[in-house]
Amino acid sequence: MKIGKAARAVAETERTLWTGRRVLVAQAAVLAGLTLLLLVKEVPGMIREIKIYRMTGGRRAVRRYP
């Protein structure tokens, strides 16, 4: 009797852990997708900022623009 209860408890724990792992993997996938979406959305703005930085002289501009 006690062995049956222990076996059921272990089975429930394993099932719960597997569900927990699935949830964590799903959360990681959603977070990665949102991060990728944000990066893709912001790339044009970053390119524009890099072009402006280069046009103004970059780090060398300190001598020209105090």
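Residues numbered from 1 in each chain as written. Predicted model: local features only at pLDDT ≥ 70, side-chain atom pairs only at ≥ 80, totals over all residues. Heavy atoms only, no water.

**Student:** Break down the overall build of the chain for me, with residues and values.
**Tutor:** On a plain count of helices and strands, the chain comes out with 1 helix and 0 strands. A buried classification covers 6% of the 66 residues belonging to the chain. Summed over its atoms, the accessible surface of the chain is roughly 6,600 Å², and 69% of this surface lies on carbon and sulfur atoms. (Helix = DSSP H or I, 4+ residues; strand = E, 2+ residues; numbered from the N terminus. Buried < 20%, exposed > 50% of the residue type's maximum accessible area, 1.4 Å probe, protein only. Areas by Shrake-Rupley, 256 points an atom, 1.4 Å probe, with all protein chains shown as cover.)

**Student:** Go over a nonpolar patch on the surface, please, and point to the residues and values.
**Tutor:** Side chains of L36, L39, V40, V43, M46 and I47 sit close together on the surface and give an oily, nonpolar patch of about 530 Å² of accessible area. Looking at the element boundaries, V43 is found in helix α1 (residues 2-55). (Patch = residues over 30% accessible without salt bridge, like charges linked within 9 Å, V, L, I, M, F, W, Y side chains within 5 Å. Salt bridge = Lys/Arg side-chain N within 4 Å of Asp/Glu carboxyl O.)

Purely geometric stuff here, so don't read any function into it on its own.
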